[in-house]
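# Analysis of the macromolecular model
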Amino acid sequence: MGFMEWWDGFWATYNTVIFSIGVNAMLALSIYVTLSCGLLSLANAAFMGIGAYTASLLTMQFDLPFPLALAAGGVLPSLVALVIGIPTLRLSGVYLAMATLGFGEVVRVIVLNLDITGGPMGLNGVPPVTEWWHIVLILGVTIYALARLRRSKTGRAFEAIKEDEVAARLMGVNVAGYKLLAFVIGAAIAGVAGGLNAHYTFTIGPNNYGFENAVDILTMAVFGGTSNLIGPMIGSTILSLLPEVLRHFKDFRLAINGLILILVVLYLPKGIWDPRRIRAFLGRNAEKKVK
């Protein structure tokens, strides 16, 4: 069997898994942005849903070109984040998590009861126009933009707020403004990921963007580590492949993700990709070899 035949068979079997790795990497990066500013938000699944429905309805009902529909799928969640962020971002910690989780449930119930979204049945027949290079290109642009952001004045402000919000405010950092910016950027990335996802899964429904998905997105980022951009991508890749490896345990996926979250918080608080811990480990090994 030639390479091309093997590749065609491999792609036909695993293209959905490969696509989901790319989309999940974007979702993990979307929550990385909010976590990098010290915000524990669980609204990203809802923003993903808003982006998915917006992009799908625009391509299905209005025959809008896919790039424009995808852009709208990023803009609308950003505007929603702007509106809900102003009152809710005054909260912090678990209170913010509860408020954003409540927002996610509100979005799910609205989608369930609207005729245009297909109600409980969702939307079927979404044009499968997402190509692998769409995901690679948009993920690459996202990583580049976030890397630039991380090294900019805004990135330093995010870090200052995360470390000590009161001290950052005393140093003249516009805490409320930067928090809102992080929230809006995260919403935009999640919305675009939702649009990409909808256009390769062919069908979407309100239950695709509920509590379980919000926990999944958070788990991916925390599992990989949120001290840099590499961690969320590693975490999302491993947790995207895990259901394939553990197919027999698919009914317990949420429980397994919860267990992973607990173990990481207890034993690897910086995630599996922690550069300081890795450097320290390599340094100890080098010392042993010298001895």
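Everything that follows concerns the structure shown earlier in this document.
Here's a quick rundown of the structure. A quick note: this is a predicted structure, and the numbers were derived from the prediction, not measured. (Residues numbered from 1 in each chain as written. Predicted model: local features only at pLDDT ≥ 70, side-chain atom pairs only at ≥ 80, totals over all residues. Heavy atoms only, no water.)

### Some words on a positive patch on the surface
A surface patch of like charges, here positive, comprises Arg148, Arg150, Arg151, Lys162, Lys270, Arg276 and Arg279. Contributing elements (two or more residues each) for the positive patch: helix 5 (132-151) and helix 12 (275-290). Here the positive patch takes three residues from helix 5, the largest share from any one element. Position of Arg148 among the secondary structure elements: in helix 5. (Patch = residues over 30% accessible without salt bridge, like charges linked within 9 Å, V, L, I, M, F, W, Y side chains within 5 Å. Areas by Shrake-Rupley, 256 points an atom, 1.4 Å probe, with all protein chains shown as cover. Salt bridge = Lys/Arg side-chain N within 4 Å of Asp/Glu carboxyl O. Lys, Arg positive; Asp, Glu negative; His and termini not counted. Charge placed at Lys NZ, Arg CZ, Asp CG, Glu CD. Helix = DSSP H or I, 4+ residues; strand = E, 2+ residues; numbered from the N terminus.)

### Side note on a nonpolar patch on the surface
On the surface, a cluster of nonpolar side chains totalling about 430 Å² of accessible area is made up of Val75, Leu76, Leu79, Leu82 and Val83. Within the element layout of this structure, Leu76 appears in helix 3 (residues 66-88).

### Focus: the nonpolar core
Ranked by internal contacts, the top residues of the largest apolar core, which has 73 residues, are Val23, Phe47, Phe103, Leu146 and Leu196. A total of 14 residues in this core trace back to one element, the largest contributor, which is helix 8 (residues 175-201). Among residues more than four places away in sequence, those in contact with Val23 are Met48, Ile135, Ala193, Leu196, Asn197 and Tyr200. (Core = buried A, V, L, I, M, F, W, Y, C linked by side-chain atoms within 4.5 Å. Buried < 20%, exposed > 50% of the residue type's maximum accessible area, 1.4 Å probe, protein only. Contact = heavy atoms within 4.5 Å.)

### Here's the deal with the environment of Tyr32
Here Tyr32 lies in helix 1 (residues 3-35). Note: C-alpha distance between Tyr32 and Asn228 (196 residues apart in sequence) is 8.5 Å. Beyond its immediate stretch of four places on either side in the chain, Tyr32 contacts Leu146, Arg150, Thr226, Asn228, Leu229 and Pro232.

### With respect to the environment of Pro275
In this structure, Pro275 sits in helix 12. Here Pro275 falls in the partly exposed class, since its relative accessible area comes to 24%. Counting along the chain gives 215 residues from Pro275 to Met60, while the straight-line C-alpha distance between them is 45 Å. Not counting the four nearest positions on each side in its chain, Pro275 is found in contact with Ser227 and Asn228.

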